[in-house]
Protein chains: 4
Amino acid sequence: MKGFFYPRSATGRSSLLPPPPWHYSGDLLTIEYRTDPTKVAALLPAPLTPADEDPGAVALIWADWQSCGDSKEELLDPIRAQYKEAFAVVRCKFEGRTYSRCIYIWVDKDFAMLRGIHQGYPKKLGSIHMTRPHPYGPAPRLAPGAVFGATLAAADRRIADAVITLRGEAEKNGFVNGHPMAHHRWLPAIDSKGGDAHSELIESTAAKFEGGKPWAADVESFKLYDVPTEELAGLEVKEIIGGYYRQIGVTWNGGRTLVPSPR
Amino acid sequence: MKGFFYPRSATGRSSLLPPPPWHYSGDLLTIEYRTDPTKVAALLPAPLTPADEDPGAVALIWADWQSCGDSKEELLDPIRAQYKEAFAVVRCKFEGRTYSRCIYIWVDKDFAMLRGIHQGYPKKLGSIHMTRPHPYGPAPRLAPGAVFGATLAAADRRIADAVITLRGEAEKNGFVNGHPMAHHRWLPAIDSKGGDAHSELIESTAAKFEGGKPWAADVESFKLYDVPTEELAGLEVKEIIGGYYRQIGVTWNGGRTLVPSPR
Amino acid sequence: MKGFFYPRSATGRSSLLPPPPWHYSGDLLTIEYRTDPTKVAALLPAPLTPADEDPGAVALIWADWQSCGDSKEELLDPIRAQYKEAFAVVRCKFEGRTYSRCIYIWVDKDFAMLRGIHQGYPKKLGSIHMTRPHPYGPAPRLAPGAVFGATLAAADRRIADAVITLRGEAEKNGFVNGHPMAHHRWLPAIDSKGGDAHSELIESTAAKFEGGKPWAADVESFKLYDVPTEELAGLEVKEIIGGYYRQIGVTWNGGRTLVPSPR
Amino acid sequence: MKGFFYPRSATGRSSLLPPPPWHYSGDLLTIEYRTDPTKVAALLPAPLTPADEDPGAVALIWADWQSCGDSKEELLDPIRAQYKEAFAVVRCKFEGRTYSRCIYIWVDKDFAMLRGIHQGYPKKLGSIHMTRPHPYGPAPRLAPGAVFGATLAAADRRIADAVITLRGEAEKNGFVNGHPMAHHRWLPAIDSKGGDAHSELIESTAAKFEGGKPWAADVESFKLYDVPTEELAGLEVKEIIGGYYRQIGVTWNGGRTLVPSPR
């Protein structure tokens, strides 16, 4: 039986995902801010602990991707390559090392959702939109003063939106999402008595990375909407740290187990 | 940390899924047919073996659902309750007992996709449509001679469609999907050397069931389209067994492990 | 060149719409309420004037339809037949007669949007959901005490939602949407100097109608959300009149000109 | 009453469209080919006649747009600015002058559909995808040898797809879509006796234009699929003329009447 994940068949042709490595081209629009650190701590299951420095820092990141496996064939049937996502990242500590961790994430395609199960991203479907830079007409260039909007909705409710103005080049694309990711891969037990059949703490990071200079941006507007089905707005904005925009290329090729699933 | 599956939080409020039991109201339109038994056998990983009788029987089932957890709150925010699916089922044998097994399935909502990961259904997103019975106007009643259509697409390609005419009441709603389900719950290893971190064979079946009398139907038209991203059409139609329509209510409340994940 | 509306071709086969009559099967969930009558009057262009009685009455109606032309072929390729809509209706007066008039409407399919251009409905695309009655499982029956939810969103923002509980049979399905419709069919002038190339006041009503007994319902919850792209919430709820649910079949077969387009 | 088109209100705030001018930034992927000229002629209603030269030339154009009115506010709530379209263009003659004419078009947003009614484009909703150039990662740069795919579907059926490889800079972005557009603005009569209440032949062209150098491309693959709801495949490909890719900025600000609607 072939096929990296579901479905598996004799040929693997219909599998929703090719095996890693997975390659990505995309634009990131990032807002970093500080919330109450106890709210972040409440989202970190043992053995993770809060980061030593700035433990209330949060990044909300919008991304507009084209992705593919090694054959790159998805790029030419682009409904299978293009997707957008928005995700909230915090930092945490494990065995003395600082990690990034995605606590909420919305994507708009099934292949992205299934990759999330593999990588430990807590994915839901959402509707994500970002202004795209363009060299002609009314859309913004990548240049000082250019204005970009980003919006997020799920289940027919607006969850977050933001407007930023590019200021100039920056050294870094923020700091909250800059560490290897520490994620839990959970699979609840089938017998409904509760508990997980699989619960593994893993680390993963980019296998390859290239990108343009990050842009620092002024955050003109940033709203988190309180809706019954989400908890992102519970991470209230106490203080804006900054806005960023960056174009990147990245390859993901698996990770490693930090804490294996208990038996 | 609360939340049945992803995401987990202090309250569990934003979790995409409530814990089972999950309750469903819906209509099923079923086409049963025979294909080459070796094609079915090729989709059965060890330790499953082909069914003793009619090992080439396949059911393609369209379903139009409203589903919810015990609180039933999703029913009143129906974007979170309503979904449609189409799925192909075959039979197999394990330790002398006959099981049903879903080999391909498409759904149109994220909560259904994540439930599939838990239950071992190989779910992709698709676009699924079924004629709905209605007591007034041009739509069909549930009565002899009523005509229903069903269509399935994914990644912007039509995969299957069917038209059936209700004939009269039947004793059973087909036989291929009538056994407990035997599914694999797979989670690929994170290190990309291949293999699975979790690979469990489970059994599950309805915890509660009610329904109207099944309708037997003539299959007026039934097409499987050969598309590059799917393998359903590889299960060629050698002979139509029959068509069925049924309205049901069902509760799913977990299952049990048949073969635990190897260590 | 054949084809009722766009596109037209030698055969008309690819036309988005067959010619009328158009036939519909569907369920209507209606909330009637009173707002400030001056807000309603501000939405009535000359020569329409406010209704004599209860001029601040508004109906917000959710509808879950299957529709088709005389061939009924759309019903068997149901992506071309099924759509949902939500629309706000007020009453007005023309030449001494009372009319209903749709002031805002959202639909989820292109064929419904193009029909709106023909009929003078001010249609946008939206995301509309309604609980559906079902005879089995957790979904409600059409019976006293049954609870139904309805939601409306557009451009990724929730615009309205409601929950009603069926009480018992009613004589009427409300009164606001009970008159012939008086709509303007506008086509702006192509030269951008402003003004309309076509501006016709028309009347239309159902050519054929059948339906079950209406249900009267208690309105448990009814919210209009203030969003930047819509004005529905400007018609504030001063007083709830009532809730209704009804299953109907209806045929629309054109209307007549009340005031022709000026030259 | 304010509002360029539907809906109109006291403020015009909820109108789906701002008044022109409308500004666009976008990428165009074009395939030009020859079909049987009688098939093109059959799509030209009087008083239009076939073009003198190359009367069987057809362009199928995919476009990925961001558009807005003069306020540009849609760009910052990008679900209201971004859309994709695919459209087939032929040439025709009126009073001795050559025009381009769109004969089939699919878009993926309501504002684009309503603009089409104003401009005489025969729009349906569709699902349109194009590979996007990107400076990093696996997606193609705008450079010789770069490969782009484009796909079109509607009503859950694939209608067309293409793959092109950029070769080098070209003088022109093809020739079929290079003239002012000659379109009919039709509004069928409301009384269903047939005929149009409004039938106007208009001309329109870009009010402002900027763009990069066009790219000439090899057409690696180009398929039109025969589906029951469309007639594009009836314009069979007899000979490929060429492929093109271009990034442009354009402003549309109305047109003028060539033949007014008869009375």
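The structure we're discussing is the one just above.
Residues numbered from 1 in each chain as written. Chains lettered and ligands numbered in written order. Predicted model: local features only at pLDDT ≥ 70, side-chain atom pairs only at ≥ 80, totals over all residues. Heavy atoms only, no water.

Draft legend 1. Spotlight on the overall build of chain A. Within chain A, the secondary structure is distributed over two helices and 13 strands. What you see for chain A is a C-alpha radius of gyration of 19 Å, in line with the 18 Å of a compact globule of 263 residues. Projected onto its principal axes, the C-alpha positions of chain A cover 55 × 45 × 35 Å. Looking at chain A as a whole, 65% of its 263 residues are labelled buried. In chain A, of all internal contacts separated by at least 6 residues, the share reaching a separation of at least 24 is 68%. Total accessible area computed for chain A in this model is approximately 8900 Å², and 50% of it derives from carbon and sulfur atoms. Both charge centroids of chain A, one from 31 positive and one from 31 negative side chains, sit 4 Å from each other. (Helix = DSSP H or I, 4+ residues; strand = E, 2+ residues; numbered from the N terminus. Rg over C-alpha atoms; globule rule 2.2 N^0.38 Å. Buried < 20%, exposed > 50% of the residue type's maximum accessible area, 1.4 Å probe, protein only. Contact = heavy atoms within 4.5 Å. Areas by Shrake-Rupley, 256 points an atom, 1.4 Å probe, with all protein chains shown as cover. Lys, Arg positive; Asp, Glu negative; His and termini not counted. Charge placed at Lys NZ, Arg CZ, Asp CG, Glu CD.)

Draft legend 2. Expanded view of the packing of helix H2 (residues 110-119) of chain A against helix H2 (residues 110-119) of chain B. At their nearest, the axes of H2 of chain A and H2 of chain B sit 11 Å apart, and the two run at 40° to each other. When the axes of H2 of chain A and H2 of chain B are compared, the pair comes out oblique. Taken as a pair, H2 of chain A and H2 of chain B cross one another with a handedness that is right-handed. Between H2 of chain A, through Asp 110, Met 113, Leu 114 and Ile 117 of chain A, and H2 of chain B, the contact on the second element is made entirely by Asp 110, Met 113, Leu 114 and Ile 117 of chain B. Residue composition of the contact of H2 of chain A with H2 of chain B, grouped by class: six nonpolar, no polar and two charged. (Axes fitted to C-alpha atoms, helices over the stretch in contact; angles between N-to-C directions. Parallel < 35°, antiparallel > 145°, perpendicular 65-115°, else oblique. Left-handed = near helix turned anticlockwise from the far one by under 90°. Nonpolar A, V, L, I, M, F, W, Y, C, P; charged D, E, K, R; others polar.)

Draft legend 3. Structural detail: the pairing of strand S3 (residues 57-68) of chain D. Residues and elements named next belong to chain D. The element S3 is largely enclosed, with a buried count of twelve among its twelve residues. Here S3 shows a buried face lined by Ala 57, Ala 59, Ile 61, Ala 63, Trp 65 and Ser 67 and a second buried face lined by Val 58, Leu 60, Trp 62, Asp 64, Gln 66 and Cys 68. The sheet contact formed by strand S1 (residues 22-34) and S3 spans twelve bridges and is antiparallel. If you follow Tyr 33 over to S3, its bridge partner there is Val 58. Two strands pair when backbone bridges link them, and S3 and strand S4 (residues 82-94) are joined in this way by nine bridges, in the antiparallel orientation. Within the sheet, the bridge partner assigned to Leu 60 lies in S4 and is Ala 88. (Pairing = 2+ DSSP bridges.)

Draft legend 4. A look at the relation of the copies chain D and chain A. The two copies are related by a screw motion: chain D maps onto chain A through a turn of 180° and a shift of 0.0 Å along the axis, at an RMSD of 0.0 Å. Taken together, the rotation and translation relating the two chain copies correspond to the operation of a two-fold axis. Taken as a fraction of all interface residues of chain D, those also at the interface in chain A reach 100%, which identifies the copy contact as same-surface. (Least-squares fit on C-alpha atoms with pLDDT ≥ 70 in both.)

Draft legend 5. Molecular detail of the interface of chain D and chain A. With 41 residues of chain D in contact, the opposing surface of chain A contributes 41 residues. Carbon and sulfur atoms supply 55% of the area that chain D and chain A bury against each other, a total of about 3100 Å² over both sides. Looking at the side of chain D facing chain A, the largest losses of area belong to Arg 132, Tyr 136 and Pro 138 of chain D, adding up to 22% of the total buried there. Along the contact surface separating chain D from chain A lie six salt bridges. Taking the shortest distance from any N to any O, the salt bridge between Arg 158 of chain A and Asp 77 of chain D comes out at 3.1 Å. Listing elements by their share of the side of chain D that touches chain A, those giving two or more residues are S1, S3, strand S7 (127-130), strand S8 (147-154), strand S9 (157-169), strand S11 (196-211) and strand S13 (239-259) of chain D. Each residue belonging to the side of chain D that touches chain A can be placed in one class, and the counts come to 16 nonpolar, 16 polar and nine charged. (Buried area = accessible area lost by both parts, 1.4 Å probe. Salt bridge = Lys/Arg side-chain N within 4 Å of Asp/Glu carboxyl O.)

Draft legend 6. Just the side chain of Thr 131 of chain C, in detail. Position of Thr 131 of chain C relative to the elements: it lies in the loop between strand S7 (127-130) and strand S8 (147-154). A polar side-chain atom of Thr 131 of chain C sits 2.7 Å from the main-chain carbonyl oxygen of Leu 75 of chain B. There is a polar contact of 2.7 Å between the side chain of Thr 131 of chain C and the backbone nitrogen of Gly 149 of chain C. Among all residues touching Thr 131 of chain C, those that are not within four sequence positions of it are Gln 66, Leu 75, Leu 76, Pro 78 and Gln 82 of chain B together with Pro 140, Val 147, Phe 148, Gly 149 and Tyr 245 of chain C. (Polar contact = N/O pair within 3.5 Å; in protein donor to acceptor, adjacent residues only side chain to side chain.)

Draft legend 7. View of the interface of chain B and chain A. Between chain B and chain A, the residue contacts involve 68 residues of the former and 68 residues of the latter. Interface of chain B and chain A: buried area, both sides summed, is about 5700 Å²; carbon and sulfur atoms make up 62% of it. The tally of links from chain B across to chain A stands at six salt bridges. Close ionic contact of Arg 157 of chain A with Asp 77 of chain B constitutes a salt bridge, the shortest N to O distance being 2.9 Å. For the interface between chain B and chain A, the tally reads 30 residue pairs in polar contact (both at pLDDT 80 or more). Residue assignment for the side of chain B that touches chain A shows that the elements contributing at least two residues are strand S5 (97-107), H2, strand S6 (123-125), strand S10 (181-188), strand S11 (196-211) and strand S13 (239-259) of chain B. For the side of chain B that touches chain A, the element with the highest residue contribution is S13 of chain B, accounting for six residues.

Draft legend 8. Fine view of the pattern of salt bridges. One pass over the full model with this rule turns up 82 salt bridges over all chains. Asp 77 of chain C is paired through a salt bridge with Arg 80 of chain C; the nearest N and O atoms lie 3.3 Å apart. Between Asp 64 of chain D and Arg 132 of chain D there is a salt bridge whose closest N-O contact spans 3.7 Å. You can see Asp 64 of chain D sitting in strand S3 and its partner Arg 132 of chain D sitting in the loop between S7 and S8, a full 68 residues away along the chain. You'll find Asp 64 of chain D and Arg 132 of chain D in the same group, each marked buried. By sharing partners, the salt bridges in this structure join Glu 73, Asp 77 and Arg 80 of chain A, Arg 157 of chain B together with Arg 158 and Asp 161 of chain D into a single network.

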